Amino acid sequence: MSSIVVIGSINLDLVATVARLPSPGETVTDAVLSRFPGGKGANQALAAQRLGAEATLIACVGEDAAGVEAQALLLEGGVDLTGVQTVTDLPTGTALIAVAPSGENHIVVAPGANRALTPDVLTVPDSDALICQLEVPVDTVAKATQDFKGFICVNLAPAMHIDVSILQCADLVIVNEIEATWYGDSLSAANGMIATTFGAAGAVLSKNGEDIARAKPPRIEAVDTTAAGDTFTAALTVALVEGQSPEESLQFACAAGAAAATKLGAQPSLPSREKVETLM
Ligand code: RIB
């Protein structure tokens, strides 16, 4: 079993399912409100664990009820949470999410305690692979990727300015099509593989400007695409670290991402390995 350490965010997701997403300045009513554990880091850690890895999460939460609620499924799923710190001066991160019947969403994040995961409080245990995203300070991601010995995956979400060293250190960079456009030519500084996802149209894996694999997800009825990208990130890392080929790994990751879109909520939707293999 491979070991994966995730450095990243923990959020409590407040989800409004609504007949259609509002335009700027518009109010849409009659939504139904739910609460789910989320945060890209937490989702990726739990997804990796459910897909068969031994996951450890390095993160920060506030000293509040939301912090406990946000960690409930991680705890139940067996993710190692000994590296989760509780800070007293910031609230647990919160994500405000609107989901339309098509499964599309709008997400606004108030990072709160995730901002407290600064380089000076960072300790990264040895493991086979490291996964980072950008919902914690970018300096922390830069330090972790420079220090870590093992396979490094960086999911460049949400899009923001980063130190080029992150691209140079990563074995695998993952972006969705919106992020790929935002980063543009700067992604050519990446030394490793780049996976670009295109939702229901699938994903492409490239290296040094050459495509090395393409895959399409199985057809599914999308209910909520929240955490589909996090599941794709975890699945691609798990499969590559297991030694699967780029083609097999990309196919597995596309199926895992699709499976995560079939259920409402970030962490309740993260699929087991069996579910992904059945879907494939
Ligand atoms: O990627 C999905 C996640 O983004 C949600 O769970 C939300 O918390 C935001 O961080």
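Structure's up top.
Here the structure is a predicted model, which is why all the values come from computation and not from measurement.

J.: How do you make sense of helix α1 (residues 40-50) when you look at a structure like this?
T.: One turn of an α-helix holds 3.6 residues; hence residues three or four places apart share an orientation. Among the 11 residues of α1, 9 are classified as buried, and the element is accordingly described as predominantly covered. What α1 keeps buried is the set Gly41, Ala42, Asn43, Gln44, Ala45, Leu46, Ala47, Ala48 and Gln49. Where α1 ends, the next residue or the one after it, glycine 52, has phi of about 110 degrees, a positive value.

J.: Just to check I follow, could you spell out the site of the ligand for this structure?
T.: Taken together, 13 residues surround the ligand, and among them Asp13, Gly39, Lys40, Glu135 and Asp230 come closest. At a separation of 3.0 Å, an oxygen atom of the ligand approaches a polar side-chain atom of asparagine 11. Contact distances for the ligand include 2.6 Å between an oxygen atom and a side-chain N or O atom of aspartate 13. Bound to the protein, the ligand loses 97% of the 280 Å² it would expose on its own.

J.: Sorry if this is basic, but what is going on with the sheet that holds strand β3 (residues 32-38) here?
T.: In a beta sheet, neighbouring strands pair by backbone hydrogen bonds and run either parallel or antiparallel. Strand order in the open sheet formed by 4 strands is β3-β2-β6-β7, with mixed pairing between adjacent strands. The open sheet is flanked by β3 and β7 (105-110), the only strands paired with a single partner. Each adjacent strand pair in this sheet contributes to an overall mean axis angle of 20 degrees, direction not counted. In terms of strand pairing, strand β2 (residues 11-17) meets strand β6 (residues 93-99) through 7 bridges, oriented parallel. Counterpart to threonine 17 in the pairing with β6 is valine 99.

How each quantity is defined
- Residues numbered from 1 in each chain as written.
- Predicted model: local features only at pLDDT ≥ 70, side-chain atom pairs only at ≥ 80, totals over all residues.
- Heavy atoms only, no water.
- Buried < 20%, exposed > 50% of the residue type's maximum accessible area, 1.4 Å probe, protein only.
- Helix = DSSP H or I, 4+ residues; strand = E, 2+ residues; numbered from the N terminus.
- Near = heavy atom within 4 Å.
- Polar contact = N/O pair within 3.5 Å; in protein donor to acceptor, adjacent residues only side chain to side chain.
- Areas by Shrake-Rupley, 256 points an atom, 1.4 Å probe, with all protein chains shown as cover.
- Pairing = 2+ DSSP bridges.
- Axes fitted to C-alpha atoms, helices over the stretch in contact; angles between N-to-C directions.

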